Amino acid sequence: MDGKMLARLGAIVFVSFAITATAIEMTRKDAAPETERVHAVEPKRDALREGQRRCQQLSQAAASDTDCMRIWAESRDRFLGRPPAPAVPTTEGR
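Quantities reported herein were computed from a predicted structural model and do not represent experimental measurements. (Residues numbered from 1 in each chain as written. Predicted model: local features only at pLDDT ≥ 70, side-chain atom pairs only at ≥ 80, totals over all residues. Heavy atoms only, no water.)

Caption draft 1: Fine view of the overall build of the protein chain. The number of helices and strands found in the protein chain is 3 helices and 0 strands. In sequence order, the secondary structure elements of the protein chain are arranged as α-α-α. Across the 94 residues of the protein chain, 9% fall into the buried class. Roughly 9,400 Å² of accessible area belongs to the protein chain as shown, and the carbon and sulfur atoms make up 59% of that amount. (Helix = DSSP H or I, 4+ residues; strand = E, 2+ residues; numbered from the N terminus. Buried < 20%, exposed > 50% of the residue type's maximum accessible area, 1.4 Å probe, protein only. Areas by Shrake-Rupley, 256 points an atom, 1.4 Å probe, with all protein chains shown as cover.)

Caption draft 2: Main features of a nonpolar patch on the surface. On the surface, Leu 6, Leu 9 and Val 13 cluster together into a nonpolar patch covering about 280 Å² of accessible area. By the secondary structure assignment, Leu 6 is in helix α1 (residues 3-27). Judged by relative accessible area, which is 54%, Leu 6 ranks as exposed. (Patch = residues over 30% accessible without salt bridge, like charges linked within 9 Å, V, L, I, M, F, W, Y side chains within 5 Å. Salt bridge = Lys/Arg side-chain N within 4 Å of Asp/Glu carboxyl O.)

Caption draft 3: Quick look at the pattern of salt bridges. Per the counting criterion, the structure on display carries 6 salt bridges. Put simply, Glu 50 and Arg 45 hold a salt bridge, and the shortest N to O gap is 2.8 Å. One salt bridge connects Arg 78 with Asp 46, and the closest N-O pair in it is separated by 3.1 Å. Separated by 32 residues along the polypeptide, Arg 78 in helix α3 (residues 66-80) and Asp 46 in the loop between α1 and α2 (47-58) bring together distant segments of the chain.

Caption draft 4: Structural context of the side chain of Asp 65. Take Asp 65: it is sitting in the loop between α2 and α3. Here the side chain of Asp 65 touches Arg 54 through a polar contact of 3.1 Å, side chain to side chain. Ignoring sequence-local partners within four residues, the contact set of Asp 65 consists of Arg 54 and Leu 58. (Polar contact = N/O pair within 3.5 Å; in protein donor to acceptor, adjacent residues only side chain to side chain. Contact = heavy atoms within 4.5 Å.)

Caption draft 5: Here's a closer look at the packing of α2 against α3. Two elements in contact, α2 and α3, have axes separated by 10 Å at closest approach and are oriented at 130°. In this view, α2 runs oblique relative to α3, as classed from their interaxial angle. Between α2 and α3 lies a crossing whose hand is left-handed. Taken together, the residues of α3 that come into contact with α2 (itself represented by Leu 48, Gly 51, Gln 52, Arg 54, Cys 55 and Leu 58) are Asp 67, Cys 68, Ile 71, Trp 72, Glu 74, Ser 75 and Arg 78. (Axes fitted to C-alpha atoms, helices over the stretch in contact; angles between N-to-C directions. Parallel < 35°, antiparallel > 145°, perpendicular 65-115°, else oblique. Left-handed = near helix turned anticlockwise from the far one by under 90°.)

Caption draft 6: Unusual backbone geometry, seen in detail. A positive phi angle, near 65°, is found at Ser 59, a position not held by glycine. If you trace the backbone, Ser 59 turns up in the loop between α2 and α3. What makes Ser 59 exposed here is its relative accessible area of 56%.

Take it as geometry only, folks, not as evidence of what the structure does.
In structure tokens:
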């Protein structure tokens, strides 16, 4: 056998093997995994989130609302991972 014939025979064997493996894989039936029952969990009530919704509904008026300014500052601190600012300014050291 010459090299061309050997290469063609190898290619035919490879392709036939690939087709056979694909056919076997497609006809295999996998057992469906058993699903566990998932219980829906009510999210915790978040006062900050409710305040953000209220400020969102206020639209332009929220820019002058002191509660919305406080809520936005608290939200920003939570996002950035900062400790919350004290509610009342302290007069330590004066």
